[in-house]
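Remarks on the overall topology
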Amino acid sequence: MQGLRLAISAVAVMAASTAGAADAQRRYPERPVRIVVGFSPGSATDITARMVGPRLSELWGQPVVIDNRSGAGGSIATAAVAKAAPDGYTLALISASFAIGAVLHKDLSYDPIKDFVGVTQIGTTSGVLAVAPSLPVKSVKDLIALAKERPGKLLYGSAGAGSGIHMTAERFKMVAGINAVHIGYKGQPEMLLEIMANRVHYGFPGLGPSLGMIKDGRIRALAVITKNRVPLLPDLPVLSEVLPGFDRDATHGLLAPAGTPRAIRAKIAKDVATVLELPEVKQQMTAIAFEPGPTTPEEYDKLIREMIQMFGKIAVSAGLRSQ
């Protein structure tokens, strides 16, 4: 009899817990939601937040506040979110720098795996493989062939050691089997100027910052770094079409502090997917060559873990960390 009473009690507790989670999901959000961005206003990550945030605010009937906390490759922002209450009211909008930081920086004040849970991917930015206008190549295959003819002679630029652009370039080297020399700059603008001036041979800038230079011939684009061809440059192949095995690790998405209820995270993921289907948001995404890619919380957890593993391999190959 005692056992029966315990069993009934356990079932009642489970039912109450389930009902409570469903009720929390129904009522969420009841107050302003803060999205913390680790980069300054106008950055690609910030643009994503401001593309989605106002529409979520309209959908929820609650303010969505974009909180820019730039510095340390985005880790200042993610550290703040790691310490926040796990209630769905403080979220981190991350880029690939989150996974890169997990690989390169062992002194982080948070655990990238244990202190966060996935909410949803929003999508990915677009990049290009761009070369100096004087370089005698017209395709990806031409560039690889030239690099193999001149091992250690070609120079490629990045936005600094350990940046997402640097990691993309190192992955290209790994898959293509070439040897080229890295030159790091303060950011994309400096790198683009150096490619334009023929002082470095190639790089992987974002499509947004480089589109004008491509259109007027100041740099030459060989391929887009996306999953699908880009309407803005319809004649360019996707890099993975001509270099099988290359897959750029890029993401813009939302994380929450560990312990945030799954029901709330699922609601946010569902609502982000709804926002991404709005005509005005689709128009904004097309204008900046942003590819939507919403996921479930579990899918985003898996994606982040896979990115961390891959960046670990790239970092070892590039000599950015030991085995």
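Preceding block: the structure.
Just so we're clear, the structure is a prediction, and the values are computed from it rather than from any experiment.

1. Points about the nonpolar core
By size, the foremost hydrophobic cluster in this structure holds 45 residues, and its most contacted members are L129, L143, F172, Y202, F204 and L239. Listed by contribution, the elements that provide at least two residues to this core are β5 (127–131), α5 (140–149), α6 (164–176), α7 (188–196), α8 (207–215) and β9 (220–225). In this structure F204 touches V128, L129, I165, T168, A169, F172, M191, I225 and L239, once residues within four positions along its chain are discounted. In this structure, V37, V64, A256 and V281 belong to the second largest nonpolar core, which totals 27 residues.

2. Brief notes about the sheet that holds strand β3 (residues 90–94)
Taken in spatial order, the six strands make up an open sheet running β2-β1-β3-β10-β4-β11, and their pairing is mixed. Edge positions in the sheet fall to β2 (64–68) and β11 (291–292), since each has one partner strand and no second. Here strand β1 (residues 33–37) runs beside β3; their pairing, made up of four bridges, is parallel. Bridge pairing in β3 places I35 opposite L91. Against the sheet, helix α10 (residues 262–276) makes contact with β3, β4 (116–124), β10 (252–257) and β11, and its axis sits at roughly 5° relative to β4, the strand it touches most.

3. Description of the pairing of strand β7 (residues 181–184)
Where strand β6 (residues 155–158) meets β7, four bridges bridge the pair, whose relative direction is parallel. If you follow L155 over to β7, its bridge partner there is V181. Chirality of the crossover, the property in question, places the unit of β6, α6 and β7 among those that are right-handed.

Rules used throughout
Residues numbered from 1 in each chain as written. Predicted model: local features only at pLDDT ≥ 70, side-chain atom pairs only at ≥ 80, totals over all residues. Heavy atoms only, no water. Core = buried A, V, L, I, M, F, W, Y, C linked by side-chain atoms within 4.5 Å. Buried < 20%, exposed > 50% of the residue type's maximum accessible area, 1.4 Å probe, protein only. Helix = DSSP H or I, 4+ residues; strand = E, 2+ residues; numbered from the N terminus. Contact = heavy atoms within 4.5 Å. Pairing = 2+ DSSP bridges. Axes fitted to C-alpha atoms, helices over the stretch in contact; angles between N-to-C directions. Right-handed = clockwise from strand over helix to strand, strands pointing away.

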